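So you can see what is in the structure, the chains are spelled out below.
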Amino acid sequence: MGQGGIDAEQVKHLGKLARLELSSEEVEHYTLQLEQILGAITSISVVAADHIPPTSHPIPMENVYREDIAVRGLEIGDFASGAPSFEDDRFRVPRILGEPG
Amino acid sequence: MTSEYQAVIAEFEPIIGLETHIELGTNSKMFCSCSAQFGGDPNTHVCPVCLGLPGSMPVVNRAAVESTIRMGLALNCSIAPWCRFARKNYFYPDMPKNYQISQYDEPLCSDGYLDVTVPTENGPQVFRVEIERVHMEEDTGKLLHAGGAGRIHGATHSLVDYNRAGIPLIEVVTKPILGTGELAPEIAKAYVSELRDLMRALGVSDVRMEEGSLRCDVNVSLSRPGEEWGTRTETKNVNSLRSVERAVRTEMLRQADQLRADQRIILETRHFNEETGDTTSGRSKEEAEDYRYFPEPDLVPVAPSESWIEQLRGTLPEVPSVRRARLQNDWGISEFDMQSLVNAGALELIVASIDAGVQPSAARKWWTGELTRVANERDCELEELTVTPADIAQIEGLISEGVLTDKMARSVFEGLLEGEGNVTEVISGRGLVVVSDDNLLVEAINQALSESPDIAEKIKSGKVAAAGAIVGAVMKATKGQADAAKVRTLLLEQLGVKE
């Protein structure tokens, strides 16, 4: 495991979760890249002291709501052509291997 | 209860847990303004947000938050003063974003309870089910597996409809339910039933189970007394009250068999087969559950103010158990009778019938008698029958107008249940008309009297009770299509006898 804290096994696992078939070269390549990214992020922990809470949103904003009014969205003609495959007014996807989460 | 089940209970203690997903009855979806109506032509309730198109941004539906808070309050939960949404990452085409927006470690509502009543040999027993959390999330799209008779196995490809994707869902999770003993299946069913009634009473969802707006995941484990908790299995998508009860029982029996054979229970999801009542192995959870949750960066935190929460608390309806006690009192029936009509799933149908103008006793008579019998025979829920409270109101109205006799009303119900059309269509289709022509009735009465002169004499001498035999003969002669009370009156008139 490099200083970024990720190893080839974890990258393989992530690839599997993302349904990506990764060659061993790709695993090596992404491990290096992810290590660098994580390394950069890890450097933040050096300055982030215990009294600074983790931030999920940069702007202190809360309670942004929409009123419950239904509005007609897109027509099939607006998006069907953008899909790789469309059939019987539905998106056609390849045979599904894994099961839903 | 089978002796096999009793043997399981004698040896093992069950622990159950329930995760229930309920679609909220909002107008629009959770994070976009698309219609949240059930159904619709495929992909007609969609927009860039629920199709997961790049650059689209979700915005929270205030009404969905409100409904979740009200549900939380009704379940005696604490409402979080501040919480966030989280991304649940998984790759499956039912969610076009490749994640579902849900809540993870910061649910909006937590630590509540729901009291449920179950029938036992010693009368109804109240059992407290502790609630772990109530959180908000979005529903997923619907997949049609093509080329393999609708099953994943053998399918060549799948077709996706995203109308359902993004409909507000609330998930209610119980804490492990301990100490149920043999009542585990009944408690599971009573809990889901109570939850459904509560949602309906709150008006946050109409909870149509047949449309999949309430879906249950049932966790079951067994352990021998004094031992550690056993490994649990999670049976997914159990979609009716009866199935919840069956799934718990089936899984208890299956696990007991495994444990007795010294086989270990695998932590896995299982599928419930509605037809056979069996569960079959799905996938092992040990490798599958890795959703890499993280706070949803596209949505700001939800921080309901104290005053908003209090205002919503003020809108809570009568709790179903309190309402039931009130109705039981109003109708003057015993707790046992009330409990059995609740168990039969008849309560709301009876209330709706009364609202439609039916007398309480008549509403109870039809729903708990004939109709419950048919539902049991057909192995279905009462509300799945093709008889509605409005039909009962119409039939009862026709009885009181003298257009139908009780016997004919029964025939109308039969016709409705057989799918012969609405009340009017069944009546004309079956030729059900009361013989109300007095002349015809008097003719039939005189005929009957001449056939039984001894009975005629008895009645004339004051033994009015004997009239029954003649009334019976007339009813037979008119094939049940006469009003018995009217025949009796005419008969006594004919003989010049007063009651």
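Here, residues in each chain are numbered from 1, in the same order as that chain's written sequence. Here the convention is simple: chains get letters from A, ligands get numbers from 1, in the order in which they are written. It should be noted that, the model being predicted, local features are given only for residues of pLDDT at least 70 and side-chain atom pairs only at 80 or more, the latter also being counted only at that level, while totals for whole chains, interfaces and linings use all residues.

S.K.: I'd like a description of the sheet that holds strand β5 (residues 99–102) of chain B, backed by residues and values.
M.R.: Residues and elements named next belong to chain B. DSSP calls a pair of strands paired once it identifies at least 2 bridges connecting them. Secondary structure counts use DSSP, requiring at least four H or I residues in a row for a helix and at least two E residues in a row for a strand, with both numbered from the N terminus. Read across the sheet, three strands follow the order β5-β4-β15 without closing on themselves; strand pairing throughout is antiparallel. On the outer flanks of this sheet lie β5 and β15 (294–295), each paired with one strand and no other. One ladder, built from four bridges, connects strand β4 (residues 86–89) with β5; its direction is antiparallel. Opposite R87, over in β5, you have I101 as the bridge partner.

S.K.: I'd like to hear about the interface of chain B and chain A, residue by residue, with values.
M.R.: Think of it this way: build a C-beta for each residue from its backbone, and any pair within 7 Å is a contact. Residue-level contacts link 46 residues of chain B with 34 residues of chain A. Counting only elements with at least two residues in the side of chain B that touches chain A, the list comes to β2 (60–61), α2 (62–74), β9 (157–161) and β14 (279–284) of chain B. At five residues, β9 of chain B tops the list of elements feeding residues into the side of chain B that touches chain A. Residues of the side of chain B that touches chain A, tallied by class, amount to 26 nonpolar, twelve polar and eight charged. Two strands pair when backbone bridges link them, and strand β1 (residues 65–66) of chain A and β2 of chain B are joined in this way by two bridges, in the parallel orientation. Residue pairing across strands places Y65 of chain A opposite V60 of chain B, the latter belonging to β2 of chain B. Think of it as three bins: nonpolar holds Ala, Val, Leu, Ile, Met, Phe, Trp, Tyr, Cys and Pro, charged holds Asp, Glu, Lys and Arg, and polar takes everything else, Gly as well.

S.K.: Tell me what's going on with the confidence of the model for chain B, and back it up with residues and numbers.
M.R.: On average, chain B scores 90 in pLDDT, and the residues at 70 or more come to 96%. The ipTM for the predicted assembly is 0.88, set against a pTM of 0.78. Confidence scores here are pLDDT values: one per residue, from the predictor, ranging 0 to 100.

S.K.: Can you lay out the sheet that holds strand β8 (residues 142–146) of chain B for me, pointing to particular residues and giving the numbers?
M.R.: Sheet architecture is open: four strands sit in the order β2(A)-β3(A)-β9(B)-β8(B), paired in antiparallel fashion. One side of each edge strand has no neighbouring strand; the edge strands of this open sheet are β2 (86–87) of chain A together with β8 of chain B. Where β2 of chain A lies against strand β3 (residues 90–94) of chain A, two bridges are found, and the strand directions are antiparallel. For F86 of chain A, the partnering residue across the bridge sits in β3 of chain A and is F91 of chain A.

S.K.: Any details on the packing of helix α1 (residues 3–11) of chain B against helix α4 (residues 241–260) of chain B? Residues and values, ideally.
M.R.: All names here are of chain B. Here an axis means a line fitted to C-alpha atoms, over the contact stretch when the element is a helix, while the angle between two N-to-C directions is reported on a 0 to 180 degree scale. Between α1 and α4, the least distance of the axes is 10 Å, while the angle of their chain directions is 65 degrees. The angle between α1 and α4 places the two elements in the roughly perpendicular class. Viewed along their axes, α1 and α4 form a crossing whose handedness is left-handed. Within the contact between the two elements, α1 uses E4, Y5, V8 and E11 and α4 uses R249, M252, L253 and A256. Here roughly perpendicular refers to angles of 65 to 115 degrees, roughly parallel to angles under 35, roughly antiparallel to angles over 145, and oblique to all remaining angles. Each crossing is labelled by how the near helix is turned from the far one, with a counterclockwise turn of less than a right angle marking it left-handed and a clockwise turn marking it right-handed.

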